[in-house]
Amino acid sequence: MKIMPTLDGGLRIEFEDESDWRLLGGVIDDAVSCDRTLAERLGASVGGPEVADDWLEFVVPELERSFEAGLARVGRALKSARLDAAGVAGFLWIRRADALHWYGALNQARLTLEEIHRFGSSEDVDVEDLPPSRRAPFLRSQFYCAVQSLLLEHAMG
Amino acid sequence: MTATETITTTRDATAIDLPWNVVVHDDPVNLMGYVTLVLMKVLGYPEQQAMALMMEVHQAGKSVVWSGQRERAEFHAHQLQAHQLKTTLEKSR
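Residues numbered from 1 in each chain as written. Chains lettered and ligands numbered in written order. Predicted model: local features only at pLDDT ≥ 70, side-chain atom pairs only at ≥ 80, totals over all residues. Heavy atoms only, no water.

**As for the sheet that holds strand E2 (residues 11-15) of chain A**
Residue and element names in this part refer to chain A. An order of E1-E2-E3 is seen for the 3 strands of this open sheet, with the pairing classed as antiparallel. Looking at strand neighbours, the two that pair on one side only are strand E1 (2-5) and strand E3 (90-94), the edges of this open sheet. Each strand of the sheet is rotated relative to its neighbour by a mean of 20°, with strand direction disregarded. (Pairing = 2+ DSSP bridges. Helix = DSSP H or I, 4+ residues; strand = E, 2+ residues; numbered from the N terminus. Axes fitted to C-alpha atoms, helices over the stretch in contact; angles between N-to-C directions.)

Set out below in structure tokens:
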């Protein structure tokens, strides 16, 4: 996979084989791989009883809809690019206007992986010490983080 | 015939409503540049102020990023959570 900035302030992702599609496509599955949704997790600790009930009733469902919509948008973009691809090689453009949605979807995936695996700061993690069941999710999270950094640098400033 | 007399007294009390704090917490996922960007976008802070608050979140574990009226505080907390930042609300002491 190659990722490069475009002149109009977006990113162009070049997929070379099936594993590239699977790797980036994993963002959708990873984002929803936890029993508790991100909105529930964020809403659960918002404050004391004075605000907690209203928050759970009114804000959490809205956050949930917004996060689901963001993931659906990214899922559609990936599916469309996959359909347009000739064979397994193909391209996907992330326009500047869509950068925040992509960043958000990648973030949902990373927050969910962190919720499940509790990696902590990546600087303190030695990949060699991780058991295989945690190594793969950690590496996916690091890959998502690298794409996020490119988005921040080239498409969101 | 007996008469029952009811005496009603009223008392006015005025107290200053305490402001609400919007608190952003550190987490190992959100990137520093993103947190700065969100604080600029949601709270309208200039880059330097947003960066100083982000550094406080990073180094102290949390930072009060806004204080004021409850409705506004709830609105800001909602916006920050919509950007996936771990955000809580607390009444000032």
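Let us keep going from here.
**Focus on the layout of surface pockets**
Approximately 500 Å³ is the volume found for the largest pocket. Residue lining of the largest pocket: 27 residues in total, with Asp27(B), Pro28(B), Val29(B), Asn30(B) and His58(B) positioned closest to the centre. Secondary-structure elements contributing two or more residues to the lining of the largest pocket are helix H4 (99-117) and helix H5 (132-154) of chain A together with strand E1 (20-25), helix H1 (32-43) and helix H2 (47-60) of chain B. At 4 residues, the largest contribution of residues to the lining of the largest pocket is made by H5(A). (1 Å grid on protein atoms, 1.4 Å probe; cavity = no way out; pocket = protein on both sides within 12 Å on 5 of 7 lines; lining within 4 Å. Points joined across faces, edges and corners; volume = space filled by probe spheres on them.)

**Considering the pattern of salt bridges**
Residues and elements named next belong to chain A. For the structure shown, the criterion picks out 9 salt bridges over all chains. Linking Glu115 and Arg41 is a salt bridge whose minimum nitrogen-to-oxygen distance equals 3.7 Å. Taken together, the positions of Glu115 in helix H4 and Arg41 in helix H2 (residues 38-44) put the pair 74 residues apart, joining distant regions of the chain. (Salt bridge = Lys/Arg side-chain N within 4 Å of Asp/Glu carboxyl O.)

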